[in-house]
2 protein chains.
Amino acid sequence: MRASGSKAVTDLVQRLRTAGLRPTRQRVALGRLLFSSGDRHVTAESLHLEAAKAGAQLSLATVYNTLHQFTASGLLRQVVVDGAKTYFDTNTGDHHHFYAEDCATLIDIPGDAVVIDGLPKAPAGMEIERVEVVVRLKPRV
Amino acid sequence: MRASGSKAVTDLVQRLRTAGLRPTRQRVALGRLLFSSGDRHVTAESLHLEAAKAGAQLSLATVYNTLHQFTASGLLRQVVVDGAKTYFDTNTGDHHHFYAEDCATLIDIPGDAVVIDGLPKAPAGMEIERVEVVVRLKPRV
DNA sequence: TTCCCCGTTTAGAATCGTTCTAATATATTG
DNA sequence: CAATATATTAGAACGATTCTAAACGGGGAA
Ligand SMILES: [Mn+2]
Ligand SMILES: [Mn+2]
Ligand SMILES: [Zn+2]
Ligand SMILES: [Zn+2]
(Lines give C-alpha, C1' and ligand atoms only; values in the text may rest on other atoms or scores of the structure.)
(Ligands and ions follow the chains in the order given, each with its own letter.)
Protein backbone atom coordinates (compact mmCIF):
# COMPACT_ATOMS: atom_id res chain seq x y z
CA MET A 1 0.00 0.00 0.00
CA ARG A 2 1.63 3.15 -1.14
CA ALA A 3 0.53 6.53 0.12
CA SER A 4 -0.97 7.48 -3.20
CA GLY A 5 -1.90 5.62 -6.34
CA SER A 6 -2.16 1.92 -6.96
CA LYS A 7 -0.83 0.22 -10.06
CA ALA A 8 -4.31 0.43 -11.57
CA VAL A 9 -4.43 4.18 -11.07
CA THR A 10 -0.95 4.62 -12.50
CA ASP A 11 -1.99 2.65 -15.55
CA LEU A 12 -5.14 4.69 -15.91
CA VAL A 13 -3.20 7.94 -15.69
CA GLN A 14 -0.91 6.64 -18.40
CA ARG A 15 -3.88 5.68 -20.56
CA LEU A 16 -5.32 9.16 -20.21
CA ARG A 17 -1.99 10.79 -21.03
CA THR A 18 -1.60 8.61 -24.09
CA ALA A 19 -5.07 9.66 -25.18
CA GLY A 20 -4.03 13.29 -24.86
CA LEU A 21 -6.20 13.83 -21.82
CA ARG A 22 -4.87 15.39 -18.63
CA PRO A 23 -5.37 13.02 -15.73
CA THR A 24 -7.53 15.32 -13.68
CA ARG A 25 -9.15 14.29 -10.41
CA GLN A 26 -12.52 13.97 -12.18
CA ARG A 27 -11.28 11.91 -15.09
CA VAL A 28 -9.35 9.58 -12.86
CA ALA A 29 -12.36 9.09 -10.59
CA LEU A 30 -14.61 8.28 -13.54
CA GLY A 31 -11.95 6.13 -15.17
CA ARG A 32 -11.58 4.06 -12.00
CA LEU A 33 -15.29 3.46 -11.83
CA LEU A 34 -15.46 2.58 -15.50
CA PHE A 35 -12.36 0.47 -15.95
CA SER A 36 -11.56 -1.18 -12.61
CA SER A 37 -14.09 -3.94 -12.77
CA GLY A 38 -15.11 -5.88 -15.87
CA ASP A 39 -17.05 -4.55 -18.81
CA ARG A 40 -19.77 -2.06 -18.00
CA HIS A 41 -22.65 -0.18 -19.59
CA VAL A 42 -23.46 3.21 -18.09
CA THR A 43 -25.46 6.32 -18.80
CA ALA A 44 -24.26 9.78 -17.88
CA GLU A 45 -26.77 9.92 -15.11
CA SER A 46 -26.00 6.47 -13.70
CA LEU A 47 -22.28 7.19 -13.68
CA HIS A 48 -22.79 10.59 -12.09
CA LEU A 49 -24.83 9.01 -9.33
CA GLU A 50 -22.27 6.28 -8.82
CA ALA A 51 -19.47 8.82 -8.61
CA ALA A 52 -21.41 10.82 -6.06
CA LYS A 53 -21.94 7.71 -3.95
CA ALA A 54 -18.22 6.97 -4.18
CA GLY A 55 -17.56 10.41 -2.73
CA ALA A 56 -16.36 12.09 -5.91
CA GLN A 57 -17.44 15.67 -6.41
CA LEU A 58 -18.07 16.43 -10.01
CA SER A 59 -20.75 17.96 -12.13
CA LEU A 60 -23.01 16.20 -14.57
CA ALA A 61 -21.55 18.37 -17.34
CA THR A 62 -18.14 16.91 -16.56
CA VAL A 63 -19.53 13.40 -16.75
CA TYR A 64 -20.93 14.16 -20.21
CA ASN A 65 -17.68 15.79 -21.31
CA THR A 66 -15.63 12.89 -20.01
CA LEU A 67 -17.80 10.18 -21.55
CA HIS A 68 -17.54 11.88 -24.92
CA GLN A 69 -13.80 12.43 -24.62
CA PHE A 70 -13.29 8.79 -23.62
CA THR A 71 -15.42 7.75 -26.59
CA ALA A 72 -13.46 9.95 -28.98
CA SER A 73 -10.25 8.38 -27.64
CA GLY A 74 -11.55 4.87 -28.19
CA LEU A 75 -11.75 4.05 -24.47
CA LEU A 76 -15.56 3.74 -24.72
CA ARG A 77 -18.19 3.23 -27.37
CA GLN A 78 -21.79 4.32 -27.54
CA VAL A 79 -24.65 1.86 -27.80
CA VAL A 80 -28.00 2.97 -29.21
CA VAL A 81 -30.84 0.81 -27.95
CA ASP A 82 -33.28 3.31 -26.55
CA GLY A 83 -34.30 6.70 -27.82
CA ALA A 84 -34.50 8.11 -24.32
CA LYS A 85 -30.91 7.86 -23.17
CA THR A 86 -27.43 7.19 -24.42
CA TYR A 87 -25.46 4.21 -23.16
CA PHE A 88 -21.68 4.04 -23.00
CA ASP A 89 -19.89 0.71 -23.12
CA THR A 90 -16.44 -0.05 -21.74
CA ASN A 91 -16.23 -3.02 -24.08
CA THR A 92 -15.01 -1.45 -27.30
CA GLY A 93 -14.43 -4.75 -29.08
CA ASP A 94 -16.71 -6.33 -31.63
CA HIS A 95 -19.77 -7.60 -29.78
CA HIS A 96 -23.54 -7.37 -29.57
CA HIS A 97 -26.24 -6.88 -26.95
CA PHE A 98 -29.27 -8.21 -25.25
CA TYR A 99 -31.46 -5.33 -24.17
CA ALA A 100 -34.13 -5.83 -21.53
CA GLU A 101 -36.40 -2.85 -21.99
CA ASP A 102 -38.37 -3.46 -18.83
CA CYS A 103 -35.30 -2.93 -16.66
CA ALA A 104 -33.25 -0.87 -19.14
CA THR A 105 -30.36 -3.32 -18.90
CA LEU A 106 -27.70 -4.24 -21.44
CA ILE A 107 -25.96 -7.62 -21.52
CA ASP A 108 -23.01 -8.37 -23.79
CA ILE A 109 -23.10 -11.02 -26.47
CA PRO A 110 -19.55 -11.93 -27.51
CA GLY A 111 -18.90 -10.94 -31.10
CA ASP A 112 -17.08 -14.10 -32.10
CA ALA A 113 -20.07 -16.27 -31.21
CA VAL A 114 -22.36 -14.60 -33.70
CA VAL A 115 -22.35 -15.14 -37.45
CA ILE A 116 -24.41 -12.92 -39.69
CA ASP A 117 -24.98 -14.13 -43.20
CA GLY A 118 -26.75 -12.73 -46.21
CA LEU A 119 -26.28 -9.01 -45.61
CA PRO A 120 -26.54 -7.10 -48.87
CA LYS A 121 -23.51 -5.07 -49.86
CA ALA A 122 -23.50 -1.43 -48.86
CA PRO A 123 -25.19 1.04 -51.24
CA ALA A 124 -22.97 2.75 -53.78
CA GLY A 125 -20.63 5.32 -52.30
CA MET A 126 -21.11 3.95 -48.79
CA GLU A 127 -19.19 1.45 -46.74
CA ILE A 128 -20.06 -0.53 -43.66
CA GLU A 129 -18.77 1.02 -40.48
CA ARG A 130 -20.14 -1.55 -38.05
CA VAL A 131 -22.83 -4.18 -37.78
CA GLU A 132 -24.81 -4.08 -34.57
CA VAL A 133 -27.21 -6.71 -33.33
CA VAL A 134 -29.65 -5.89 -30.57
CA VAL A 135 -31.72 -8.72 -29.16
CA ARG A 136 -34.70 -7.19 -27.38
CA LEU A 137 -35.86 -9.13 -24.36
CA LYS A 138 -39.15 -9.18 -22.55
CA PRO A 139 -40.05 -10.92 -19.32
CA ARG A 140 -41.20 -14.49 -19.95
CA VAL A 141 -44.94 -14.77 -19.60
CA MET B 1 -63.51 9.65 -59.92
CA ARG B 2 -66.01 9.76 -57.15
CA ALA B 3 -66.70 12.96 -55.29
CA SER B 4 -65.04 11.67 -52.15
CA GLY B 5 -62.78 8.77 -51.34
CA SER B 6 -60.81 6.43 -53.53
CA LYS B 7 -60.56 2.70 -52.92
CA ALA B 8 -57.31 3.32 -51.06
CA VAL B 9 -58.96 5.77 -48.71
CA THR B 10 -61.88 3.43 -48.10
CA ASP B 11 -59.44 0.68 -47.21
CA LEU B 12 -57.52 2.98 -44.92
CA VAL B 13 -60.71 4.04 -43.14
CA GLN B 14 -61.52 0.37 -42.66
CA ARG B 15 -58.06 -0.31 -41.30
CA LEU B 16 -58.43 2.49 -38.79
CA ARG B 17 -61.87 1.30 -37.70
CA THR B 18 -60.57 -2.22 -37.26
CA ALA B 19 -57.77 -0.83 -35.11
CA GLY B 20 -60.39 0.91 -32.96
CA LEU B 21 -59.37 4.34 -34.21
CA ARG B 22 -61.91 6.82 -35.55
CA PRO B 23 -61.04 7.80 -39.10
CA THR B 24 -60.62 11.48 -38.42
CA ARG B 25 -59.44 13.94 -41.04
CA GLN B 26 -55.99 14.05 -39.43
CA ARG B 27 -55.55 10.28 -39.14
CA VAL B 28 -56.68 9.71 -42.70
CA ALA B 29 -54.34 12.38 -44.00
CA LEU B 30 -51.37 10.86 -42.16
CA GLY B 31 -52.42 7.35 -43.09
CA ARG B 32 -52.50 8.27 -46.76
CA LEU B 33 -49.03 9.73 -46.59
CA LEU B 34 -47.71 6.73 -44.71
CA PHE B 35 -49.40 3.86 -46.50
CA SER B 36 -50.08 4.96 -50.08
CA SER B 37 -46.63 4.47 -51.46
CA GLY B 38 -44.24 1.69 -50.54
CA ASP B 39 -42.49 1.20 -47.22
CA ARG B 40 -41.37 4.34 -45.48
CA HIS B 41 -39.33 5.57 -42.53
CA VAL B 42 -40.44 8.86 -40.98
CA THR B 43 -39.90 10.96 -37.93
CA ALA B 44 -42.69 12.97 -36.32
CA GLU B 45 -41.13 16.13 -37.61
CA SER B 46 -40.61 14.88 -41.17
CA LEU B 47 -44.17 13.62 -41.39
CA HIS B 48 -45.56 16.82 -39.96
CA LEU B 49 -43.65 18.82 -42.54
CA GLU B 50 -44.80 16.53 -45.33
CA ALA B 51 -48.41 16.81 -44.21
CA ALA B 52 -48.15 20.58 -44.15
CA LYS B 53 -46.76 20.59 -47.68
CA ALA B 54 -49.64 18.36 -48.76
CA GLY B 55 -52.03 20.98 -47.43
CA ALA B 56 -53.14 19.12 -44.31
CA GLN B 57 -53.67 21.23 -41.23
CA LEU B 58 -52.68 19.39 -38.13
CA SER B 59 -50.56 19.96 -35.10
CA LEU B 60 -47.29 18.29 -34.25
CA ALA B 61 -48.92 16.88 -31.11
CA THR B 62 -51.42 15.09 -33.32
CA VAL B 63 -48.63 13.64 -35.41
CA TYR B 64 -47.02 12.26 -32.26
CA ASN B 65 -50.34 10.93 -30.99
CA THR B 66 -51.13 9.32 -34.31
CA LEU B 67 -47.72 7.72 -34.76
CA HIS B 68 -47.97 6.17 -31.33
CA GLN B 69 -51.54 5.00 -31.88
CA PHE B 70 -50.60 3.46 -35.22
CA THR B 71 -47.64 1.78 -33.54
CA ALA B 72 -49.80 0.42 -30.73
CA SER B 73 -52.20 -0.94 -33.37
CA GLY B 74 -49.41 -2.69 -35.24
CA LEU B 75 -49.65 -0.43 -38.30
CA LEU B 76 -46.17 0.94 -37.63
CA ARG B 77 -43.07 -0.03 -35.70
CA GLN B 78 -40.38 2.06 -34.12
CA VAL B 79 -36.74 1.80 -35.14
CA VAL B 80 -34.02 2.91 -32.76
CA VAL B 81 -30.85 3.88 -34.58
CA ASP B 82 -30.13 7.35 -33.29
CA GLY B 83 -30.45 8.76 -29.82
CA ALA B 84 -31.64 12.10 -31.13
CA LYS B 85 -34.91 11.17 -32.80
CA THR B 86 -37.38 8.36 -33.11
CA TYR B 87 -38.05 6.73 -36.47
CA PHE B 88 -41.32 5.05 -37.40
CA ASP B 89 -41.39 2.34 -40.05
CA THR B 90 -44.38 1.34 -42.17
CA ASN B 91 -42.75 -2.04 -42.75
CA THR B 92 -43.82 -3.99 -39.68
CA GLY B 93 -42.52 -7.31 -40.95
CA ASP B 94 -39.28 -8.97 -39.94
CA HIS B 95 -36.45 -6.99 -41.48
CA HIS B 96 -33.30 -5.03 -40.73
CA HIS B 97 -31.70 -1.70 -41.63
CA PHE B 98 -28.83 0.12 -43.11
CA TYR B 99 -28.40 3.44 -41.35
CA ALA B 100 -26.41 6.20 -42.98
CA GLU B 101 -25.62 8.53 -40.11
CA ASP B 102 -24.30 11.30 -42.29
CA CYS B 103 -27.67 11.75 -44.02
CA ALA B 104 -29.86 10.26 -41.26
CA THR B 105 -31.34 7.77 -43.73
CA LEU B 106 -32.73 4.28 -43.18
CA ILE B 107 -32.75 1.59 -45.87
CA ASP B 108 -34.53 -1.72 -45.45
CA ILE B 109 -32.73 -5.03 -45.51
CA PRO B 110 -35.21 -7.86 -46.16
CA GLY B 111 -35.46 -10.15 -43.16
CA ASP B 112 -35.47 -13.38 -45.11
CA ALA B 113 -32.10 -12.59 -46.68
CA VAL B 114 -30.30 -12.43 -43.35
CA VAL B 115 -29.32 -15.41 -41.21
CA ILE B 116 -28.03 -14.85 -37.70
CA ASP B 117 -26.30 -17.77 -36.06
CA GLY B 118 -24.79 -18.37 -32.68
CA LEU B 119 -26.94 -16.11 -30.55
CA PRO B 120 -26.91 -17.25 -26.93
CA LYS B 121 -30.26 -18.20 -25.45
CA ALA B 122 -32.09 -15.48 -23.56
CA PRO B 123 -31.22 -15.05 -19.86
CA ALA B 124 -33.44 -16.89 -17.36
CA GLY B 125 -36.91 -15.45 -17.05
CA MET B 126 -36.56 -13.52 -20.28
CA GLU B 127 -37.55 -14.28 -23.82
CA ILE B 128 -36.53 -12.81 -27.14
CA GLU B 129 -38.98 -10.27 -28.44
CA ARG B 130 -37.13 -9.36 -31.62
CA VAL B 131 -33.66 -9.42 -33.11
CA GLU B 132 -32.62 -6.21 -34.81
CA VAL B 133 -29.61 -5.71 -37.01
CA VAL B 134 -28.41 -2.21 -37.79
CA VAL B 135 -25.66 -1.83 -40.35
CA ARG B 136 -24.09 1.59 -39.87
CA LEU B 137 -22.83 3.16 -43.05
CA LYS B 138 -20.30 5.87 -43.65
CA PRO B 139 -19.42 7.60 -46.90
CA ARG B 140 -16.71 5.72 -48.78
CA VAL B 141 -13.37 7.52 -48.48
C1' DT C 1 -81.68 15.60 -39.25
C1' DT C 2 -80.44 17.06 -34.89
C1' DC C 3 -78.49 16.21 -30.44
C1' DC C 4 -75.21 14.59 -27.39
C1' DC C 5 -71.36 12.07 -25.70
C1' DC C 6 -67.00 11.01 -25.59
C1' DG C 7 -62.98 10.37 -28.23
C1' DT C 8 -59.79 13.62 -30.64
C1' DT C 9 -57.21 17.65 -31.60
C1' DT C 10 -54.57 21.43 -30.26
C1' DA C 11 -51.69 25.39 -28.40
C1' DG C 12 -48.80 25.99 -25.34
C1' DA C 13 -46.50 24.63 -21.18
C1' DA C 14 -43.75 21.22 -19.11
C1' DT C 15 -40.30 17.62 -19.02
C1' DC C 16 -36.10 15.37 -19.86
C1' DG C 17 -31.74 14.24 -21.68
C1' DT C 18 -28.15 16.65 -23.47
C1' DT C 19 -25.31 20.62 -24.98
C1' DC C 20 -23.65 25.23 -24.55
C1' DT C 21 -21.68 29.43 -22.28
C1' DA C 22 -18.57 31.87 -19.97
C1' DA C 23 -16.61 32.37 -15.55
C1' DT C 24 -13.52 29.89 -12.40
C1' DA C 25 -10.14 26.43 -11.24
C1' DT C 26 -6.26 23.50 -12.10
C1' DA C 27 -2.60 20.70 -14.60
C1' DT C 28 1.62 21.35 -16.80
C1' DT C 29 5.75 23.55 -18.28
C1' DG C 30 9.46 26.80 -17.94
C1' DC D 1 6.34 30.12 -8.60
C1' DA D 2 4.46 32.20 -12.85
C1' DA D 3 2.42 31.75 -17.18
C1' DT D 4 -0.52 29.34 -20.18
C1' DA D 5 -3.51 26.18 -21.96
C1' DT D 6 -6.98 23.01 -20.49
C1' DA D 7 -10.61 21.48 -17.71
C1' DT D 8 -14.56 22.08 -14.65
C1' DT D 9 -18.83 23.94 -13.51
C1' DA D 10 -23.47 26.22 -12.60
C1' DG D 11 -26.86 27.40 -14.89
C1' DA D 12 -29.01 28.65 -19.16
C1' DA D 13 -30.34 26.94 -23.51
C1' DC D 14 -31.83 23.46 -26.63
C1' DG D 15 -34.49 19.98 -29.16
C1' DA D 16 -37.36 16.12 -29.03
C1' DT D 17 -41.16 14.51 -26.85
C1' DT D 18 -45.03 14.45 -23.58
C1' DC D 19 -48.59 16.58 -20.97
C1' DT D 20 -52.62 19.58 -19.94
C1' DA D 21 -56.91 21.16 -20.34
C1' DA D 22 -59.94 23.54 -23.30
C1' DA D 23 -62.21 23.37 -27.86
C1' DC D 24 -63.69 20.34 -31.54
C1' DG D 25 -66.11 16.94 -34.19
C1' DG D 26 -67.42 11.80 -35.37
C1' DG D 27 -71.04 9.08 -35.26
C1' DG D 28 -74.72 6.60 -32.81
C1' DA D 29 -79.36 7.52 -30.85
C1' DA D 30 -83.68 9.47 -31.19
MN1 LIG E 1 -33.64 14.52 -25.71
MN1 LIG F 1 -35.01 12.62 -26.93
ZN1 LIG G 1 -21.44 -4.11 -24.48
ZN1 LIG H 1 -37.66 -0.58 -42.28
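These figures come from a predicted structure and were not determined experimentally.

With respect to the domain arrangement of chain A
Residue and element names in this part refer to chain A.
- Structurally, chain A comprises domain 1 (5-86) and domain 2 (92-137).
- Each of domain 1 and domain 2 has a C-alpha centre, and these two points are 23 Å apart.
- The interface of domain 1 with domain 2 comprises 10 residues on the first partner and 11 residues on the second.
- A buried area of about 940 Å², summed over both sides, lies between domain 1 and domain 2, and 52% of it is on carbon and sulfur atoms.
- Ionic pairing is found between Glu-132 and Arg-77, a salt bridge with its closest N-O pair at 3.8 Å.
- At the junction of domain 1 with domain 2, the criterion picks out 6 residue pairs in polar contact (both at pLDDT 80 or more).

Some thoughts on the protein's contact with DNA strand C
- Inspection of the region around DNA strand C gives 19 residues, with Tyr64(A), His68(A), Thr86(A), Thr24(B) and Thr62(B) positioned closest.
- At 2.8 Å from a sugar or linking oxygen of DNA strand C is found a side-chain nitrogen or oxygen belonging to Gln26(B).
- Thr62(B) places a side-chain nitrogen or oxygen 2.5 Å from a phosphate oxygen of DNA strand C.
- The set of elements that each furnish at least two residues to the surface near DNA strand C consists of helix H4 (60-72) of chain A together with helix H2 (25-35) and helix H4 (60-72) of chain B.
- Looking at the surface near DNA strand C, its residues break down into 6 nonpolar, 8 polar and 5 charged.

Re the interface of chain A and chain B
- Tallying the contact residues gives 38 residues for chain A and 38 residues for chain B.
- Between chain A and chain B, the buried area comes to about 3,400 Å², and carbon and sulfur atoms account for 60% of it.
- Summed over the shared surface of chain A and chain B, the result is 2 salt bridges.
- The salt bridge involving Glu132(B) is made with Arg136(A); its shortest N-O contact spans 3.1 Å.
- Of all elements in the fold, only strand S4 (95-100), strand S5 (105-110), strand S6 (115-117) and strand S7 (126-139) of chain A reach the threshold of two or more residues within the side of chain A that touches chain B.
- Among the elements that make up the side of chain A that touches chain B, the one with the highest residue count is S7(A) (14 residues).
- Across the side of chain A that touches chain B, the residue classes tally to 23 nonpolar, 3 polar and 12 charged.
- The sheet contact formed by S6(A) and strand S6 (residues 115-117) of chain B spans 3 bridges and is antiparallel.

Considerations on unusual backbone geometry
Residue and element names in this part refer to chain A.
- Although it is not a glycine, Ala-104 sits at a positive phi angle of roughly 50°.
- Topologically, Ala-104 is positioned in the loop between S4 and S5.
- Classification of Ala-104 by relative accessible area gives partly exposed; the value is 37%.

About the thresholds
Residues numbered from 1 in each chain as written. Chains lettered and ligands numbered in written order. Predicted model: local features only at pLDDT ≥ 70, side-chain atom pairs only at ≥ 80, totals over all residues. Heavy atoms only, no water. Domains from an automatic or database assignment. Contact = heavy atoms within 4.5 Å. Buried area = accessible area lost by both parts, 1.4 Å probe. Salt bridge = Lys/Arg side-chain N within 4 Å of Asp/Glu carboxyl O. Polar contact = N/O pair within 3.5 Å; in protein donor to acceptor, adjacent residues only side chain to side chain. Near = heavy atom within 4 Å. Helix = DSSP H or I, 4+ residues; strand = E, 2+ residues; numbered from the N terminus. Nonpolar A, V, L, I, M, F, W, Y, C, P; charged D, E, K, R; others polar. Pairing = 2+ DSSP bridges. Buried < 20%, exposed > 50% of the residue type's maximum accessible area, 1.4 Å probe, protein only.

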